[in-house]
2 protein chains.
Amino acid sequence: MSAPDPGLLALNTATVREKCTLRQAAEACRRQNIRGICPWRDKLAEIGAKEAARIIRDNGLKVTGLCRGGFFPAPDRKGRQAAIDDNLRAVDEAATIEARCLVIVAGGLAQGSKDIGGAREMIRDGLGAIFDHARSCGVPIAIEPMHPMYAADRGCINTLAQALDLCDELDGKNGSAMGVAVDVYHVWWDPELKRQIERAGEKRLMGFHLCDWLVPTTDLLLDRGMMGDGVIDISLIRSWMEGAGYHGMHEVEIFSKNNWWKKDADEVLLTCKMRHETVC
Amino acid sequence: MSAPDPGLLALNTATVREKCTLRQAAEACRRQNIRGICPWRDKLAEIGAKEAARIIRDNGLKVTGLCRGGFFPAPDRKGRQAAIDDNLRAVDEAATIEARCLVIVAGGLAQGSKDIGGAREMIRDGLGAIFDHARSCGVPIAIEPMHPMYAADRGCINTLAQALDLCDELDGKNGSAMGVAVDVYHVWWDPELKRQIERAGEKRLMGFHLCDWLVPTTDLLLDRGMMGDGVIDISLIRSWMEGAGYHGMHEVEIFSKNNWWKKDADEVLLTCKMRHETVC
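The structure displayed is predicted, hence computed values, not measured ones. (Residues numbered from 1 in each chain as written. Chains lettered and ligands numbered in written order. Predicted model: local features only at pLDDT ≥ 70, side-chain atom pairs only at ≥ 80, totals over all residues. Heavy atoms only, no water.)

Description of the sheet that holds strand S2 (residues 36–38) of chain B
Residues and elements named next belong to chain B. Spatially, S3-S2-S1-S9-S8-S7-S6-S5-S4 is the arrangement adopted by the nine strands of the open sheet, whose pairing is parallel. Edge strands, defined here as strands with exactly one partner in the open sheet, are strand S3 (62–63) and strand S4 (66–70). Bridge count for strand S7 (residues 178–183) against strand S8 (residues 205–210) is four bridges, and the pairing is parallel. Bridging across to S8, Asp-183 finds its partner in His-209. The strands touched by helix H8 (residues 193–204) are S7 and S8; relative to S8, the strand with the most contacts, the crossing angle is about 110°. Helix H10 (residues 265–279) contacts strand S1 (9–12), S8 and strand S9 (250–252) of the sheet and is inclined by roughly 140° relative to S1. (Pairing = 2+ DSSP bridges. Helix = DSSP H or I, 4+ residues; strand = E, 2+ residues; numbered from the N terminus. Contact = heavy atoms within 4.5 Å. Axes fitted to C-alpha atoms, helices over the stretch in contact; angles between N-to-C directions.)

Describing the pairing of S4(B)
Residues and elements named next belong to chain B. Among the five residues of S4, four are classified as buried, and the element is accordingly described as predominantly covered. Pairing of S4 with strand S5 (residues 102–105), which is carried by four bridges, proceeds in the parallel orientation. Pairing of Leu-66 across the sheet is with Leu-102, part of S5. Once the chain exits S4 it traverses helix H4 (residues 77–96) before rejoining the sheet at S5, and the crossover so formed is right-handed. (Buried < 20%, exposed > 50% of the residue type's maximum accessible area, 1.4 Å probe, protein only. Right-handed = clockwise from strand over helix to strand, strands pointing away.)

So, the environment of A:Asp115
Residues and elements named next belong to chain A. Checked against the element boundaries, Asp-115 lands in the loop between strand S5 (102–105) and helix H5 (116–137). Looking at Asp-115, the relative accessible area reads 44%, which means it is partly exposed. Put simply, Asp-115 and Met-249 are 134 residues apart on the chain and 36 Å apart in space, counted from C-alpha to C-alpha. Within the structure, the side chain of Asp-115 is placed 3.3 Å from the backbone nitrogen of Gly-117, a separation counted as a polar contact. (Polar contact = N/O pair within 3.5 Å; in protein donor to acceptor, adjacent residues only side chain to side chain.)

Brief notes about the interface of chain B and chain A
For interface size, the figure often reported is the accessible area lost on association. Of the residues lining the interface, 28 residues belong to chain B; the matching set on chain A comes to 28 residues. At the boundary of chain B with chain A, total buried surface from both sides reaches about 2,200 Å², with 71% on carbon and sulfur atoms. Sorting the residues of chain B by area buried against chain A places B:Lys114, B:Trp189 and B:Leu220 first, and these three jointly supply 27% of that buried surface. Connecting chain B to chain A are zero salt bridges. At the junction of chain B and chain A, the tally comes to two residue pairs in polar contact (both at pLDDT 80 or more). Taken together, the residues that form the side of chain B that touches chain A break down as 14 nonpolar, seven polar and seven charged. (Buried area = accessible area lost by both parts, 1.4 Å probe. Salt bridge = Lys/Arg side-chain N within 4 Å of Asp/Glu carboxyl O. Nonpolar A, V, L, I, M, F, W, Y, C, P; charged D, E, K, R; others polar.)

Describing the packing of helix H4 (residues 77–96) of chain A against H5(A)
Residues and elements named next belong to chain A. The geometry of H4 relative to H5 is characterised by a closest axis approach of 10 Å and an angle of 30° between their N-to-C directions. For the element pair H4 / H5, the angle class is roughly parallel. The crossing of H4 and H5 is right-handed. Judged by residue contacts, Arg-80, Ile-84, Asn-87, Leu-88, Val-91, Asp-92 and Ala-95 of H4 engage Met-122, Gly-126, Ala-129, Ile-130, His-133, Ala-134 and Cys-137 from H5. (Parallel < 35°, antiparallel > 145°, perpendicular 65-115°, else oblique. Left-handed = near helix turned anticlockwise from the far one by under 90°.)

What to know about the pairing of strand S8 (residues 205–210) of chain A
Residue and element names in this part refer to chain A. Counting buried residues along S8, six of its six residues qualify, which places the element largely inside the surrounding structure. Taken together, the two bridges between S8 and strand S9 (residues 250–252) define a ladder with parallel strand orientation. Residue pairing in the sheet places Leu-210 in a bridge with Val-252 of S9. In this region the chain leaves S8, passes through helix H9 (residues 234–243) and returns to the parallel neighbour S9; the handedness of that crossover is right-handed.

Section: the sheet that holds S9(A)
All names here are of chain A. Reading across the sheet, the nine strands line up as S3-S2-S1-S9-S8-S7-S6-S5-S4 and stay open at both edges, with parallel pairing between neighbours. For this open sheet the edge positions go to strand S3 (62–63) and strand S4 (66–70), each flanked by a neighbour on one side alone. Of the strands in this sheet, S5, strand S6 (141–143) and strand S7 (178–183) are in contact with H5, which crosses S6 at around 145°. Strand contacts of helix H10 (residues 265–279): strand S1 (9–12), S8 and S9, with the helix running at about 140° to S1, the strand carrying the most contacts.

Structural notes on the nonpolar core
Inside soluble globular proteins, nonpolar side chains tend to come together where they are buried. In this structure, A:Leu127, A:Trp188, A:Trp213, B:Leu127, B:Trp188 and B:Trp213 are the most contacted members of the largest nonpolar core, which totals 178 residues. When near neighbours in sequence (up to four residues on either side) are disregarded, A:Trp188 contacts A:Leu193, A:Trp213, A:Val231, A:Ile232, A:Ile237, B:Leu109, B:Ile116, B:Ala151 and B:Ala152. Residues B:Cys38, B:Trp40, B:Val103 and B:Ala142 belong to the second largest nonpolar core, which totals 12 residues. (Core = buried A, V, L, I, M, F, W, Y, C linked by side-chain atoms within 4.5 Å.)

Below, the structure written as structure tokens:
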């Protein structure tokens, strides 16, 4: 594999979330010549989506996605409707900032429930309830399969195959209004990975997220590694993505409470650039 | 679901490993009228397999399995051969204690490697290298799919489908010398679970391990829960196992550094019995 185009590097604001507002993150990207950004909704909420759009535009950034919609399962109808309403607002925000897609972290079991099949039905129904609005706004919905260790509390769509089955069900076999965000952290272990990336193809591959799996991993959520510090063969997975027609950006999203979140944003971004060039 | 037959409860020695030798574990089982045991090899190593067999027999216990073979990937030929040799010894030990099967924890990436595909080939080759000896000893090989969070360092056979593909490849579609151990902790999240249990059927279903997934889980390895304390619908999975023809025992295997491992073995076993009756 040749090194990736540096112009494809993008920053997910989760990577610098303890140090930066959206404006600070966007300005750091411009300083480091990083061309894309994926904000989380908490950063938008601080300033409003219109102001966020202006900041992003002023810094010359593409928006690879908006994180995140989802979290559909809830114990009662009222809770499920509240989740749908919130997702409809997320679609509007994604449209306002001209995001490539709305990233969906589907949600885990409903509070107090052990019914994972039922939770998956709530997710399907929730996605179905926002689908028309998203399509009419021109906002593709990108389901991000979650690592199975998050099935209980964050997302019980756990494989690319499962996410693509949902896309086929809700969007039709040939649709392009729903697809997937492939985060190497969540899917690197999957024996079906190459085959399902090929199945997804250009239309369904809406995002590519980078970090690394550390050995040992000391926290289920907040101990993700910088690319190159773990065991994921990122360049191999990139080759599969490109082979399947993905031409989008490579978005760095690192949850790292005790390491990268403590560092200065410019130092983090410089490291991202170097690692993107050398190990991705 | 009606409550399970209490006579089917078995103890995996990992559940009491900080408090009990094999003799102490076996005697605790007899006191609590638990009829089956699955020892780990470290407990056998302390006394030898023949003495272990005697202790188990004296306490009237069935042996649901021997934990564990596997850990096949290694960086060089010498390391891989050493793993195979060790697995051949494990087969002999399993035969000596008349274990229902040798449980295989396949192993993760070879030291220093990011090649998960290569590791999976080493696992296939390693299993192939012990297969004839195991069959001639009458010891079925039971692959235990590991939760994907163990793919790097413990086992990169991560789904029941993947394990069953290996069985079909090495043992033939209709063989019964190789099968799977289904641990609810490792597989509860799998959207294919019911279908793959059905596919496995009576001949391939060689073990059924119980514990629970806690929310939150504070350690990737050593924070497993007692049945009923987490979110796994164990009785539903048992119904699938029984529907597919499984008639074996229900083996409790709990890695719990800060909770169950600290308690007195009889207290742990009493709790296992109660929970087996009420939530499994």
